[in-house]
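Observations on the model geometry
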Amino acid sequence: MLSTQDWIHAPLGVVEEKFAAQKGSSPGWEAEVVEFFKEQLKEKSAQSLVPSLNDVPLHYLKPNSLVKFRCFIQDMFDPEFYMGVYETVDGPTDAKQMLHCGKYRDVAECGVDFNSKNTVTAERQTFYCVPIPGENLWVKDYAGSSQARVVASTSYVPSRQKRSYEEDEDMDTQPQKQAHALQGPTDLQSNADCKRQETEAPPTQAASASHLDLNFPLPGERGPACLVKVYEDWESFKLNDALEVFGILSVSPALSALAEEDASSSFLDPTEGMETAEEQRVHSPPASLVPRLHVLHAKPLQHNNPLLPHATSDDNMASVRAELLAYFTHVLLGDGLAAEFLLLHLLSSYSRRDALPLGKFTLNLSGLPAASYSERLYQILQQLVPCSWYLAMSLQNMNQTRLRPRKDYTANRLVSGSLQLAQNTSLFLDETRLEPGQLDATVCNVTALGNVITWQKVDYDFNYHQMEFPCNINVLIASEGRSLLPSDCRVHLEAQVTPAHLEEYLSSIQAFPQTSSQLNRFRIYLSVARLLDYSISDQMTKQYVEEDFVEMRKDDPQGVSADDLHRMLVVARLLCLSLGQNHLSRDGWLRAKHMEMLRRSRMEQHQTVNGNEP
């Protein structure tokens, strides 16, 4: 029986053992390898023993050891061929040596017999993966906390230290100025940076000559990028999927030497290489900067909240809901109705039927008192959701930001855009930053945001045509008046705090809640409620929903539409989920109708006072 140290420190030994047992003659050994690692990684405790590329600097990880990577598929390269089985010869005597396994490796043993009849050519798929865009610091903190005790036992210190990703700030070709302008407000957990820097390598004296663009979707992002090599079932993975990958780390210096050799030869004679120099640079970057990861086991991430799984009873959910609602009421300046709708927005997700995204709930919070308030609001939401991004919709940002990904045919890669996000990411659009000025790219960007809100899709730019990619992004719009973007629900904030005491009140918001345990309850609650299944019985639909809608149409034929019915059904669904109920109840439906009535009444009063606003 292999020890934990064996299959984590030397996974290739397991592969060689399975290969040698069947002498590579039967494909059954490959399935045995995959099944072995699936079995070893079945328990959460075993997974926590595997060092993570997200948390441990690359120079502390042992080459050819088992590592894990919580990542996002940013691009998919063309499939590549490799020698799955090959034979070596003894140089002086030309005597046949033995069969070798080429799977899960980048570089073959010396003395390969290329004329051997035993050579087996196989195919694998390469994904370009980056850390999950917009992943908040509290997620990284909790996910990395289980790795602290593992680093010393599974790491080694090489004689020549490689630079860490955090030190290569000049690697991203996006201008620093733009990145600073686009990044969100300062995170309340900035002290987490200092905590993680304890494991960082000290800065090296030699400056990097490379200016490799790591192609992160969001400006200002940092972390490892990785070429993930997939051997089985790669058709099941899609662009923009979030994954947790367990695989063999490959950082062989020979990869960089081969890439440089290929680039120089193709430069001298372009007909010798199938790839252009630019494509070679992107597809074969230095392994010390973009390591290779040969997948043994990979699983899609339904969520990336490290506090789950967590058992939460219905009674407990109701009590946490009451706490969170009180907190949001405090945050939203005493407006309880707006707090209710904000809570429902954070729980929302959709299912697609034909082309229609049913159940989405984009919220427009209007009437925000000051620009600083919207930033403070985002900082609070950033503490609660696993992934988020703040876009200040200033004229400069809207003109200069690349929201839609585009295809670069010269380098044969997908250049990322800021709307290339993982599912369930919270996108905070701050319209309070709008100012008058000349529109350039703004119209295209506003259209792109409108498509995300209305259709939950992003049109990727392939130069000669647009290609639609579905997304699942939770959009919250903060504005002073009605948003220029569409929304599913608009709530005008009615602050219970006088303007004279606003600054003092805002400064008190940051200090509440004071305990991390309370924050953790909120984080668990939001994720658990969002993941609940939900259904509506035919009896409930006919007996209550249809009858009530007919009566509402009779009372107000012009004011009640099918869109209003859809909104009330979405609100009722989210209300039931927020209470831990997985089906529509009569009380939930009545409460949703009451909330919608209060919201419509408030909007009518606001329109009467501000008659010029649509």
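Along each chain, the written sequence defines residue order, and numbers are assigned to residues from 1. Note on the predicted model: pLDDT of at least 70 is required for a residue's local features to be given, and 80 or more for side-chain atom pairs to be given and counted; whole-chain, interface and lining totals, by contrast, use all residues. Remark: hydrogens and water are excluded; side-chain values derive from all non-hydrogen atoms of the structure.

Per an unreviewed UniProt entry, the protein chain goes by Mini-chromosome maintenance complex-binding protein and derives from Oryzias latipes. UniProt positions are given in the numbering used here, feature names are shortened, and annotations may be inferred rather than shown by experiment. Listed under Sequence similarities (unreviewed entry) in UniProt, the entry text for the protein chain is "Belongs to the MCMBP family." Within the UniProt record for the protein chain, the comment given under Subcellular location (unreviewed entry) is "Nucleus".

In DSSP terms, a helix is any run of H or I states spanning at least four residues, a strand is any run of E spanning at least two, and both are numbered starting from the N terminus. The number of helices and strands found in the protein chain is 20 helices and 18 strands. The buried label goes to any residue with under 20% of its type's maximum accessible area, the exposed label to any with over 50%, and the partly exposed label to all in between, with areas taken from a 1.4 Å probe on protein chains only. The proportion of buried residues among the 614 residues of the protein chain is 52%. In what follows, residue pairs with any heavy atoms lying within 4.5 Å of each other are defined as contacts. Of the contacts made within the protein chain by residues no fewer than 6 positions apart, 80% connect residues no fewer than 24 positions apart. In this description, accessible areas are obtained by the Shrake-Rupley approach with a 1.4 Å probe, and a residue is regarded as covered only by the protein chains that are shown. Surface summary for the protein chain: the accessible area is close to 28,600 Å², and the carbon and sulfur share equals 52%.

Another aspect to go through is the nonpolar core. Judged by nonpolar contacts, the single largest core of 70 residues is most densely connected at L324, F328, L332, F341 and L365. A domain-level breakdown of this core finds at least three residues from each of domain 2 (311-515) and domain 3 (532-613). In contact with L324, other than residues within four places in its own chain, are L343, L384, F522, Y525 and L526. Judged by nonpolar contacts, the second largest core, of 47 residues, contains V230, L243, L293 and W389. Residues belong to a common nonpolar core when they are buried Ala, Val, Leu, Ile, Met, Phe, Trp, Tyr or Cys residues joined through side-chain atoms within 4.5 Å. Those domain boundaries reflect an automatic or database domain assignment.

Moving on: helix 16 (residues 502-509). Taken together, the buried positions of helix 16 are L502, Y505, L506 and I509. Buried residues along helix 16 cover an arc of 100° about the axis, so they all sit on one side. Among the exposed residues of helix 16, those oriented more than 90 degrees off its buried face are E503 and E504. Along the arc lie the directions from the helix axis toward the C-beta atoms.

With that out of the way, let us pick up the sheet that holds strand 18 (residues 489-492). Should DSSP find at least two bridges between two strands, the strands are regarded as paired. Across the sheet, which stays open at both edges, the 5 strands sit in the order 11-14-17-10-18 with parallel pairing between neighbours. Unpaired on one side and paired on the other, strand 11 (388-392) and strand 18 mark the two borders of the sheet. Sheet twist, expressed as the average angle between the axes of neighbouring strands with direction ignored, equals 20°. What counts as an axis is a line fitted to C-alpha atoms, over the stretch in contact for a helix, and the angles between N-to-C directions run from 0 to 180 degrees. Across the sheet, helix 12 (residues 336-347) is in contact with strand 10 (363-366), strand 17 (473-478) and strand 18; its angle to strand 17 comes to roughly 155°.

Extensive coverage of strand 6 (residues 242-250) is indicated by the burial of 9 of its 9 residues. Two strands pair when backbone bridges link them, and strand 1 (residues 66-76) and strand 6 are joined in this way by 7 bridges, in the antiparallel orientation. Along strand 6, the bridge assignment pairs R70 with E244. Pairing analysis gives 8 bridges linking strand 6 to strand 7 (residues 292-300), with the strands arranged antiparallel. Of the residues in strand 7, the one forming a bridge with E244 is K299.

On to empty space enclosed by the protein, then. Buriedness of a pocket was judged along seven lines, with at least five required to meet protein on both sides within 12 Å; pockets are open sets of points on a 1 Å grid over the protein atoms alone, cavities are sets where a 1.4 Å probe fits but cannot get out, and lining residues have an atom within 4 Å of a point. Grid points are joined across faces, edges and corners, and a volume is the space filled by probe spheres set on the points. Applying the stated rule across the entire model yields 7 cavities of 30 Å³ or more. Each pocket or cavity is described by its volume, and for the largest cavity that value is around 260 Å³. Every residue lining the largest cavity is counted, 21 residues in all, and those nearest its centre are H303, N304, P386, N424 and R530. Of all the secondary structure elements, the ones that give two or more residues to the lining of the largest cavity are strand 14 (425-430) and helix 17 (516-531). Ranked by the residues each element gives to the lining of the largest cavity, the list is headed by helix 17, at 5 residues. Within the lining of the largest cavity, the residues separate by chemical class into 11 nonpolar, 8 polar and 2 charged. Gly falls in the polar group here, along with every residue not listed as nonpolar (Ala, Val, Leu, Ile, Met, Phe, Trp, Tyr, Cys, Pro) or charged (Asp, Glu, Lys, Arg).

The next point concerns the packing of helix 12 against helix 17. Running from N to C, helix 12 and helix 17 cross one another at 65°; their axes reach a closest spacing of 8 Å. Contact residues: helix 12 offers L343, L346 and L347, while helix 17 offers Y525, L526, A529 and R530. Tallied by class, the residues present in the contact of helix 12 with helix 17 amount to 6 nonpolar, no polar and 1 charged.

On to the packing of aromatic side chains, then. Working definition: a ring pair exists when centres of Phe, Tyr or Trp rings (six-membered ring for Trp) sit within 6.5 Å. Plane angles under 30 degrees give stacked, over 60 give edge-to-face, the rest tilted. Under the definition given, this model contains 13 aromatic pairs. A ring pair is formed by F127 and F237, whose centres lie 6.1 Å apart and whose planes are at 80°; its orientation type is edge-to-face. Taken together, the residues span a long stretch of sequence, with F127 in strand 4 (residues 120-131) and F237 in the loop between strand 5 (226-230) and strand 6 at a distance of 110 residues. By the burial criterion, F127 is buried, and F237 matches it.

The subject of this paragraph is the pairing of strand 14. Burial runs high along strand 14: 6 of the 6 residues are buried. Burial along strand 14 is two-sided: T425, L427 and L429 facing one way and S426, F428 and D430 facing the other are all buried. Of the strand pairs in this sheet, strand 11 and strand 14 are connected by 5 bridges, and their pairing is parallel. Paired with W389 across the two strands is L427, which belongs to strand 14. Relative to strand 17, strand 14 is paired through 6 bridges, and the arrangement is parallel. Residue pairing in the sheet places T425 in a bridge with I473 of strand 17.

Attention now moves to the pattern of salt bridges. Salt bridge, as used here: a side-chain nitrogen of Lys or Arg that lies within 4 Å of a carboxyl oxygen of Asp or Glu. Scanning all chains against the criterion turns up 28 salt bridges. Where K103 meets E30, a salt bridge forms, and the shortest distance between an N and an O atom there is 2.7 Å. Of this pair, K103 sits in the loop between strand 3 (96-101) and strand 4 while E30 sits in helix 3 (residues 28-40); the two residues are 73 residues apart in sequence, bridging distant segments of the chain. With its nearest N and O atoms 2.9 Å apart, the salt bridge here joins E135 to R70.

In this fold, F69 is placed in strand 1. Among the residues examined, F69 registers a relative accessible area of 0% and is labelled buried. Among all residues touching F69, those that are not within four sequence positions of it are L53, N54, C129, V130, P131, P224, C226, L243, E244, V245 and L293.

The next thing to look at is unusual backbone geometry. Even without being a glycine, L333 presents a positive backbone phi close to 60°. One can find L333 in the loop between helix 11 (314-331) and helix 12. Backbone geometry at N463 places phi at a positive 65°, although glycine is not the residue there. Within the secondary structure, N463 is located in the loop between strand 15 (457-461) and strand 16 (466-470).

Another aspect to go through is the side chain of E244. Mapped onto the fold, E244 is located in strand 6. By relative accessible area, which is 13% here, E244 ends up buried. Residues in contact with E244, not counting those within four places in the same chain, are Q47, K68, F69, R70, H297, A298, K299 and L301.

pLDDT measures how confident the predictor is about each residue, on a scale from 0 to 100. Per-residue pLDDT for the protein chain averages 83, and the proportion of residues at 70 or more is 80%. Throughout residues 148-183 the model reports pLDDT below 50, and contacts reaching past four residues in sequence, or to other chains, amount to 76 contacts. Contacts of residues 266-272 to residues separated by more than four positions or lying in other chains number 3 contacts, the stretch itself having pLDDT below 50.

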